[in-house]
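Tertiary structure, described
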Amino acid sequence: MTLTVDQVMELAPVIPVLVIERIEDAAPIAEALVKGGLPTLEVTMRTPIALAGAQFIVSPGLTETLGKAAIASGVAFLPGIATAADIMRGMDLGLSRFKFFPAETSGGLPALKALAAPFHTARFCPTGGIKFETAGNWLAESAVKCVGGSWLVPKGPVDTHRIEELARAAASLHG
Ligand code: 3PG
């Protein structure tokens with residue numbers, strides 16, 4: 001199934017950001033998250049085992065070369081932006097859906113609101129420093145379609161019950 005980037009952003013309010021260290025953990029983590037109500041999973045390319053098929057692509061930033069390649073692939077693309085110039089580079093390529101990254105250290109919600117005002121057709125998935133406790137504030141902003149975060153999978157041995165519980169709480173968030 002080919003998903004549009006809007007469909008990717010609308011499937012759930014939270015996209016878990018995953019760093020999979022051991023391949024045998026991948027399926028149990030994914031199953032617990034999906035069971036908890038979060039079907040959209042971002043697998044970071046930070047470990048050698050991360051490379052696999054994907055229905056959407058996320059990048060921490062946006063260059064013209066990467067943007068053109070991602071668009072040519074036909075796969076839904078959510079590039080990272082943190083400044084007005086980043087957004088304008090994306091809009092030059094016809095993009096209007098962005099990951100605001102790293103969200104909290106790039107000025108947090110006030111920065112996102114300030115960026116969203118002139119670029120009123122743009123929609124965002126803030127990621128970076130967002131926790132369950134703060135996610136609702138971000139989701140209340142109309143330019144925010146979803147948020148991303150790594151809090152759904154606590155570090156240490158995989159506890160699928162805990163992951164499912166965290167996912168269920170996150171899935172019930174809304175703006
Ligand atoms: C990302 O890659 O999007 C971030 O590392 C996730 O940020 P967090 O760990 O602060 O949630």
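Scroll up a little and you will see the structure.
Computed from a prediction, not measured in an experiment: that's the story for all the values here. Every chain is numbered independently, its residues counted from 1 as its sequence is written. Only residues with pLDDT of at least 70 are given local features in this predicted model, and only at 80 or more are side-chain atom pairs given and counted; all residues enter the totals for whole chains, interfaces and linings. Think of the side-chain values as coming from all heavy atoms in the structure, minus any hydrogens and water.

**With respect to the overall build of the chain**
- Each helix corresponds to a stretch of at least 4 residues labelled H or I by DSSP, and each strand to a stretch of at least 2 residues labelled E; elements are numbered beginning at the N terminus. Counting its regular elements, the chain contains seven helices and seven strands.
- Element order for the chain, N to C, with α for helix and β for strand: α-β-α-β-β-α-β-α-β-α-β-α-β-α.
- With the C-alpha coordinates of the chain rotated into their principal frame, the extents come out at 45 × 35 × 30 Å.
- Going through the 175 residues of the chain one by one, you find that 43% of them count as buried.
- Whether two residues touch is decided by their heavy atoms; if any such pair falls within 4.5 Å, the residues are in contact. Considering only intrachain contacts with a sequence separation of at least 6, the fraction spanning at least 24 residues in the chain is 61%.
- Within this scheme the basic residues Lys and Arg register as positive and the acidic residues Asp and Glu register as negative, but His and the chain ends are omitted. Throughout, a charge is located at the NZ atom of Lys, the CZ atom of Arg, the CG atom of Asp or the CD atom of Glu. Counting 14 positive and 16 negative side-chain charges, the chain places the centres of these two groups 3 Å from one another. Three labels apply to residues, based on accessible area from a 1.4 Å probe with only protein chains included: buried if under 20% of the type maximum, exposed if over 50%, partly exposed otherwise in between.

**Section: the sheet that holds strand β1 (residues 14–18)**
- Read from one edge of the open sheet, three strands run β2-β1-β7, paired in parallel fashion. Pairing within the sheet leaves two strands with one partner each, and these edge strands are β2 (42–43) and β7 (147–149).
- Only strands joined by at least two bridges in the DSSP assignment are considered to pair. Bridge analysis of β1 against β7 gives three bridges, and the strand direction is parallel. Considered in β7, the bridge of Val14 is made with Val147.

**Examining the layout of surface pockets**
- Grid spacing is 1 Å over the protein atoms alone, the probe is 1.4 Å, and a cavity is where that probe fits but cannot get out, while a pocket is an open set with protein on both sides within 12 Å along at least five of seven lines and lining residues have an atom within 4 Å of a point. Grid points are joined across faces, edges and corners, and a volume is the space filled by probe spheres set on the points. If you add up the space inside the largest pocket, you get close to 840 Å³.
- Around the largest pocket, the lining comprises 33 residues; the ones closest to its centre are Leu41, Glu42, Val43, Thr44 and Ala54.
- Those elements that provide at least two residues to the lining of the largest pocket are α2 (23–35), β2 and β3 (56–59).
- Empty space within the second largest pocket amounts to approximately 560 Å³.
- Lining the second largest pocket are 25 residues, and of these Val17, Val19, Ser150, Val153 and Lys155 sit closest to its centre.
- For the lining of the second largest pocket, the elements supplying multiple residues, two or more each, are β1, α2 and β7.
- In the scheme used here, Gly and all other residues not listed as nonpolar or charged are polar, with Ala, Val, Leu, Ile, Met, Phe, Trp, Tyr, Cys and Pro taken as nonpolar and Asp, Glu, Lys and Arg as charged. For the lining of the second largest pocket, the class distribution of residues is eleven nonpolar, seven polar and seven charged.

**Considering the site of the ligand**
- Distances are taken per atom, and a residue is near a molecule or strand as soon as one of its heavy atoms is within 4 Å of it. Close to the ligand lie Val17, Arg46, Lys99, Phe101, Thr127, Gly128, Gly129, Gly149 and Ser150, which account for all nearby residues.
- Gly129 places a main-chain nitrogen or oxygen 2.7 Å from an oxygen atom of the ligand.
- The term polar contact refers here to a pair of N or O atoms within 3.5 Å; inside protein, the definition further demands a hydrogen-donor-capable atom paired with an acceptor-capable atom, and it admits residues adjacent in sequence only when both atoms are side-chain atoms. Ser150 places a side-chain nitrogen or oxygen 2.5 Å from an oxygen atom of the ligand.
- Under the convention used here, a 1.4 Å probe and the Shrake-Rupley method define accessible areas, while residue burial counts only the protein chains that appear. With the chains in place, 82% of the 310 Å² that the ligand exposes on its own is no longer accessible.
- For a molecule to be placed in a cavity or pocket, more than half of its atoms must lie within 2 Å of the grid points of that cavity or pocket. For the ligand, the cavity whose grid points lie within 2 Å of the majority of its atoms is the second largest pocket.
- Partitioned by chemical class, the residues of the shell around the ligand number two nonpolar, five polar and two charged.

**Examining the sheet that holds strand β4 (residues 76–81)**
- Pairing within the open sheet is parallel, and its four strands lie in the order β3-β4-β5-β6. Each of the sheet's edge strands pairs with one partner strand only, and the pair in question is β3 and β6 (123–126). Here the average twist between neighbouring strands, direction ignored, is 25°.
- In this sheet, β6 lies alongside strand β5 (residues 97–100) in parallel orientation, the contact comprising four bridges. Here, axes are lines fitted to C-alpha atoms. For helices the fit covers the stretch in contact, and angles between N-to-C directions go from 0 to 180 degrees.

**A closer look at the state of the cysteines**
- Note on terminology: pairs of cysteine sulfur atoms within 2.5 Å are recorded as disulfides. In total, this model carries zero disulfides according to the counting rule given.
- In this model Cys125 remains outside any disulfide bridge; the closest cysteine sulfur is found in Cys146, 3.4 Å from its own.
- Judged by relative accessible area, Cys125 falls into the buried class, the value being 3%.

The values reported here are purely geometric and, on their own, carry no functional implication.
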